[in-house]
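What follows is the residue order along each chain.
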Amino acid sequence: MSYLKFEKALMTNLQESLPKEILRTNRSGAYSCSTIVDCNTRKYHGLLVVPVPELDDENHVLLSSLDCSVIQHGAAFNLGLHKYQGNNYSPMGHKYIQSFDCDKVPTTTYRVGGVILRKEVVFQHHENRLLIRYTLDDAHSATTLQFRPFLAFRSVRQFTHENSVANKDYTEVENGIRTCMYPGYPDLYMQFSRKVKFVFQPDWYRGIEYPKEQERGYASNEDLYVPGYFEMPIRKGESIVFAASTTENKVRTLKPLFQEEADKRAPRDNFFHCLINAAHQFHVEDKNGEKYILAGYPWFKARARDTFIALPGLTLSIEETEFFEAVMKTAEKGLREFMEEKPLTVNLYELNQPDAPLWAIWCIQQYAKEEGDERCAKKYGQLVWDIISYISDSKHPNLIVDDNGLVKTDGSERAVTWMNSTANGRPVVPRTGYIVEFNALWYNALCFGAKLAQEAHHDDLATSLNQQADKTKDAFLTTFVNKFGYLFDYVDGDKQDWSVRPNMIFPAAFDYSPLSQEQKKNIIDICTKELLTPKGLRSLSPKSGGYNPMYVGPQAQRDYAYHQGTAWPWLFGFYVEACLKLYKRTRLSFIERQMVGYEDEMFCHCVGTLPELFDGNPPFHGRGAISFAANVAEILRALEQLEKYKYQ
């Protein structure tokens, strides 16, 4: 029995199958995404979605979908599925689905009378080329397949509508056609592995609707252009391969190319392997050879904070040190350009966020734990010391070391932490002044920097950093520890934020903490009682004012809920680290039971990965981006820690 397999009863029930999405990426920024029944429910969905740097910084949907029809005895059975205005679904092809299996290659099996047709999909790595293999497993009479492509040629943030500007011209190429609807876009090549007949029959399919956009309070319908259809006979036992790409295909190579790509795919036959597969989907290499981690799909870019939080879990926890070093090489280039006030030559966003360099040091610290202090000091020691010096000298535009040794920032007018939601141009959670995780990161950075300096025999530097750390520790305890045993979320002058938030878990989890064991215990206990859910830590306790756990409704409503009680899986990784450091093996069984909540998600929402966040109240519905790097990373890191403590 396959791990990720859905049978006919679920597939034909749209209430159950439509919320389940499937994502494929090419590790160069392009992706293919839809639901498991191939009905697009978001404007971000599409069979071939690629970046078009000549136009803008967004991804663009070229090929939205491809309807396949089985023709026997002159009767056509369309296997496609679209939602139209008025809650109408057509042509209801999901009723022919027998099963969907995505353990290795996403595979849909259809049964139409005596016809059994199998469809398998792969996205070629580092190429804008989607490959679909159709195999006729059984048929009792002559069978013809007909393919109708739905074209969009638009940004993922826009819609297309019937217009007279769209170019309907096409050019025949070997076993297919190429076409381009608008200037500035690349040509779309649609070709088959053997000869096919193309019938030019241009038409607009109007009023296609995307229910996920309706839920989010956005416009939700568009028109898609269909240039005609491809048609070919197929024999029992025969396979044909369809390719959609931005470059011309050598059709003789399509079959072996599909098999080669399929053989590369790692099986998703258990929870751990699903997470590894999801981790690889965030890998991106640009045309200059620079490597990045995308923060999430389908709308996030490579963001500095997310990169540094996610990188250890996505690489070191699964023994992929080489990719860690490649991404850090790109990130170091960006960090140095930022600190030297040079124009950025890397596509790493939000490097100006005040905690980004602090998270970079934490990220490097995880490398030291895996590869050893000596190697880390040689490879990244100078970067760590340069970042500390940059912050100590108050060169950062929004991170200043105060006289008491703590770092402070101005977040009153714009969001500067990971809690970055805004409404009407202002932060919903205006965290400013002394921020608890910033100062936990700063203390940890000073201690780690001193350790690397000692390893490199820079004794004077080590002594200086340790002295700074001692000063910071004293101020941290005086400033953040309150009479109820937990930590203020931020302190701005005379204002102390008493909200119970998960940011206090960081100083309890970090290797170098200003807190005593008793203080850590108090923090872990209150996080367990008020913040822990089966899907991560809540961003705000239900007992605190402003608790708003349901991430639903239009944009403004969701902005006010984004960090006001929603649950975030990536915070659970730090909770696990804090628990195991304090309680050792006695908490293993408890944490293993908590992991069940994340394994359940492999079969929900985007199959085989974790979404961005969850509602903070039952039933803890997944929300936001369909796949989020930091969540996948921290659950992988939590699993790694569990294994280490099991054998201690």
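Fair warning: this is a prediction, and the values are worked out from it, not measured in the lab.

Calculation notes
Along each chain, numbering runs from 1 in the same order as the chain's sequence is written. For a predicted model such as this one, the threshold for reporting local features is a pLDDT of at least 70, and the threshold for listing and counting side-chain atom pairs is 80 or more; totals across whole chains, interfaces and linings nevertheless cover every residue. Only heavy atoms go into the side-chain values, all of them from the structure, while hydrogens and water stay out. Elements are defined by DSSP. Helices are runs of H or I of four residues or more, strands are runs of E of two residues or more, and each kind is numbered from the N terminus. Here's how the labels work: a residue is buried when its accessible area is under 20% of the maximum for its type, exposed when over 50%, partly exposed in between, all with a 1.4 Å probe on protein chains only. Contacts: residue pairs with any heavy atoms within 4.5 Å of one another. Surface accessibility in these figures is a Shrake-Rupley result with a 1.4 Å probe; residues are shielded only by whichever protein chains are displayed. Under this rule, positive means Lys or Arg and negative means Asp or Glu; His and the chain ends count for nothing. To locate a charge, the coordinates of NZ of Lys, CZ of Arg, CG of Asp or CD of Glu are taken. Per-residue confidence from the predictor is reported as pLDDT, a score between 0 and 100. The set of buried Ala, Val, Leu, Ile, Met, Phe, Trp, Tyr and Cys residues whose side-chain atoms join them within 4.5 Å is what this entry labels a nonpolar core. Note: two strands are recorded as paired if DSSP finds a minimum of 2 bridges between them. Two rings from Phe, Tyr or Trp (for Trp, the six-membered ring) form a pair when their centres are within 6.5 Å of each other. A pair whose planes differ by under 30 degrees is stacked, one over 60 is edge-to-face, and the rest are tilted. Remark: a charge is flagged as sitting over a ring if the NZ atom of Lys or the CZ atom of Arg is within 6 Å of the ring centre and within 35 degrees of the ring normal.

Any chance you could explain the overall build of the protein chain here in plain terms?
Helices and strands together make up the secondary structure of the protein chain, namely 17 helices and 35 strands. Considering only C-alpha atoms, the protein chain reaches an extent of 85 × 50 × 45 Å along its principal axes. A buried classification covers 63% of the 648 residues belonging to the protein chain. Sequence separation of 24 or more characterises 66% of the internal contacts of the protein chain that already satisfy a separation of 6 or more. For the protein chain, the exposed surface amounts to about 24300 Å²; the carbon and sulfur share of it is 47%. Here the protein chain carries 74 positive and 82 negative side-chain charges, and the mean point of each set is 4 Å from the other.

Please clarify how the environment of Tyr96 should be interpreted in this entry.
By the element assignment, Tyr96 lies in the loop between β8 (88–90) and β9 (97–101). Spatially, the C-alpha atom of Tyr96 lies 40 Å from that of Leu55, the residues being 41 residues apart in sequence. If we ignore the near neighbours within four places in the chain, the residues touching Tyr96 are Lys8, Phe77, Asn78, Leu79, Thr109, Tyr110, Arg111 and Val112.

So what exactly am I meant to see when it comes to the confidence of the model for the protein chain here?
Counting all residues, the mean pLDDT for the protein chain is 95, and 100% of those residues have values of 70 or more. Of all secondary-structure elements in the protein chain, the lowest mean pLDDT belongs to strand β25 (residues 422–423), at 88, while strand β16 (residues 188–192) reaches the highest, 98.

Is there a simple way to explain unusual backbone geometry in this structure?
Excluding glycine, residues mostly carry a negative phi; peptide bonds, for their part, are mostly trans. Residue Pro91 is bonded to the preceding Ser90 through a cis peptide linkage, with omega at 0°. Here Pro91 is to be found in the loop between β8 and β9. Of note, the amide linkage connecting Pro618 to Pro619 takes the cis form, showing an omega dihedral of 5°. Although it is not a glycine, Glu350 sits at a positive phi angle of roughly 65°. In this structure, Glu350 sits in the loop between α7 (321–339) and α8 (356–371).

Explain the nonpolar core here, please?
In summary, soluble globular proteins display a tendency toward joint burial of nonpolar side chains. Of all hydrophobic cores here, the largest spans 214 residues; its most connected members are Tyr134, Met328, Ile505 and Trp570. Counting residues per element, this core draws most heavily on helix α10 (residues 436–455), at 13 residues. Ignoring anything within four residues of it in the chain, the contact list for Met328 reads Phe308, Leu311, Cys363, Ile364, Tyr380 and Leu383. Formed by ten residues, the second largest nonpolar core is a distinct cluster that contains Val241, Ala243, Phe258 and Ala262.

When you look at the sheet that holds strand β27 (residues 434–435) in this model, what are you seeing that I'm missing?
By way of backbone hydrogen bonds, the strands of a sheet pair with one another, either parallel or antiparallel. Pairing is antiparallel across the open sheet formed by three strands, whose spatial order is β27-β28-β29. Where the open sheet ends on each side, the last strands, each with one partner, are β27 and β29 (495–496). Pairing geometry for β27 and strand β28 (residues 490–492), over two bridges, is antiparallel. Looking at β28, one finds that Ile435 is bridged to Tyr490.

Can you help me understand the packing of aromatic side chains in this one?
How two aromatic rings sit relative to each other is set out by the distance from centre to centre and by the angle between their planes. One pass over the full model with this rule turns up 43 aromatic pairs. Each ring, one from Tyr3 and one from Phe603, has its centre 5.0 Å from the other, and the planes form 55°; the classification is tilted. Pair noted here: Tyr3 is in the segment before β1 (5–7) and Phe603 is in the loop between α16 (588–599) and β33 (613–614), with a separation of 600 residues, a long-range link. Tyr3 gets classed as buried once you look at its relative accessible area, which sits at 18%. Taking relative accessible area as the criterion, Phe603 reaches 25% and is therefore assigned partly exposed. Ring geometry for Phe150 and Tyr205: centres 4.9 Å apart, planes at 65°, overall edge-to-face. Pair noted here: Phe150 is in strand β13 (residues 143–155) and Tyr205 is in strand β17 (residues 197–209), with a separation of 55 residues, a long-range link. The ring of Tyr583 carries Arg587 above its face, with NZ or CZ at 4.0 Å from the centroid.

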